[in-house]
Structures are given as C-alpha cells and as structure tokens.
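Coordinates in review
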Amino acid sequence: MRKQLLAVIGVVLLTVGLAAGYQWYTEGKWFVAEPEKDFQLSKLIAEIRMATQRYLDVEQAEADGYVQISGNVPLEGYHFYKAGIVQFDYGRPSALLYIRANEQWQLIGVEYAVRKDRPAESPFPGVAWERHLAKCRYADWQEFLARSPEACPMAHPDTKSAFVTWYPDLWVIHLWLWYPNPYGLFASLNPLLAPFDNRTI
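Procedures and definitions
Residues numbered from 1 in each chain as written. Predicted model: local features only at pLDDT ≥ 70, side-chain atom pairs only at ≥ 80, totals over all residues. Heavy atoms only, no water. Disulfide = S-S within 2.5 Å. Helix = DSSP H or I, 4+ residues; strand = E, 2+ residues; numbered from the N terminus. Buried < 20%, exposed > 50% of the residue type's maximum accessible area, 1.4 Å probe, protein only. Pairing = 2+ DSSP bridges. Axes fitted to C-alpha atoms, helices over the stretch in contact; angles between N-to-C directions.

**As for the state of the cysteines**
- Overall, the coordinates contain one disulfide when judged by the stated rule.
- Between the sulfur atoms of Cys136 and its disulfide mate Cys152 the distance is 2.1 Å. On the sign convention where negative is left-handed, the bridge of Cys136 and Cys152, at about -90° about the S-S bond, is left-handed. You can see Cys136 sitting in strand β6 (residues 135–138) and its partner Cys152 sitting in the loop between β7 (143–145) and β8 (163–167), a full 16 residues away along the chain.
- Judged by its relative accessible area of 0%, Cys136 falls in the buried class.

Below is the structure:
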C-alpha cells in the first residue's frame with residue numbers, strides 16, 4: 001500500500017513539474033540564462049574563417065605577402081604581417097598569428113591593425129581597439145619601446161642583437177578564430193598558449 005501511495009505522489013509531482021516547466025517555457029523564460037545571440041556577428045566570423053582558411057598553410061601566407069615580424073610573443077604567438085594592407089578589410093587581416101610545435105606551424109588567429117590615430121568606431125560591436133606602443137625590433141626578435149626610429153639603440157641593450165626595424169603605434173584587435181581562448185574570442189591574450197611560450201625560437 002505504501003509503495004502504491006508513493007507511486008501516486010510521484011506521478012502527481014511529475015505532472016505538476018511538467019506543467020510548471022511548460023508554463024516557464026511558454027512565458028519565454030527558457031533561455032533567460034543564455035547570452036543574447038548576435039547572428040550578424042556569427043555570420044561575419046564565419047565569413048572571416050572562410051577568407052583566412054587558406055592561411056592554415058603558412059607557406060600560402062608567405063606566398064601572399066605575409067612576412068614574419070616577431071618571435072613567439074608570450075600568449076600571442078608569432079606575428080606574420082602584410083605591409084601592403086592600408087585599409088581595413090575583414091577578409092584581409094593585417095597580421096596572422098601562429099604557434100609552432102614539432103617544426104609545424106599552426107594558425108591560431110588574426111590581428112587587425114591601424115596606424116596613428118585610434119579609429120572612431122570598432123568594426124566589431126562592443127570590441128575596443130587596443131593600443132600597441134611604438135617599438136624597435138632586433139635580429140633576435142627582441143623589442144625595445146621607442147617613440148621614433150632615431151631613439152632605437154643600434155644594438156639591443158640586453159641581448160646586444162642588431163637593430164632591424166621600427167614600428168609606429170598601432171591600434172589592434174585580435175580575433176582567435178583558429179584556437180580556443182577562455183578569455184574570449186576578441187581577448188588581447190590567450191592563456192592556452194602558455195605551453196608554447198619560448199622567446200628563443
């Protein structure tokens with residue numbers, strides 16, 4: 001008798017629960033904990049992935065004019081920059097970001113860069129431009145902050161490596177299209193790249 005009573009109570013509770021759940025759903029609260037979906041941004045990101053898919057092959061990137069300009073920057077990877085890009089284009093990012101493991105290059109993301117003044121608007125809603133200060137680069141990929149080429153030491157103060165070139169201030173946006181990033185798709189740094197951090201190569 002007790003088992004039968006418990007079974008009846010269970011059915012009643014299940015029925016009430018389903019009814020309450022249905023009401024919760026029909027009142028439009030089912031996705032209350034979910035972030036708002038931005039389908040336009042999702043479509044744009046998919047298009048950027050399609051446009052940059054060819055650069056999964058680093059040799060193709062080099063053939064298209066991207067040149068390695070940095071060593072392995074901690075939590076950012078290696079930067080391959082294309083100097084000929086002077087206007088913003090979603091499908092033609094200023095730089096490609098790679099990591100290298102077992103002598104193999106892996107595309108991890110892209111970087112959009114604008115020189116001089118900060119753009120008035122962001123090409124991605126809610127994503128701010130980040131300032132990268134002017135710097136000198138050296139033959140061993142080390143850097144030294146300097147406001148002009150004339151301020152660059154001819155040899156790096158610490159490593160004594162030879163001066164190669166100078167880069168002005170840049171406003172940049174990172175987009176981690178090809179590698180997960182727990183900080184977010186547009187985060188400045190990617191903590192998952194820590195195992196690859198090695199500035200000596």
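**A word on the sheet that holds β8**
- Pairing is antiparallel in the open sheet, where three strands are placed in the order β7-β6-β8. Edge strands, defined here as strands with exactly one partner in the open sheet, are β7 and β8. Along the sheet, successive strands turn relative to each other by an average axial angle of 25°, direction set aside.
- Summarising the sheet, β6 and β8 pair through four bridges and their orientation is antiparallel. If you follow Lys135 over to β8, its bridge partner there is Tyr167.

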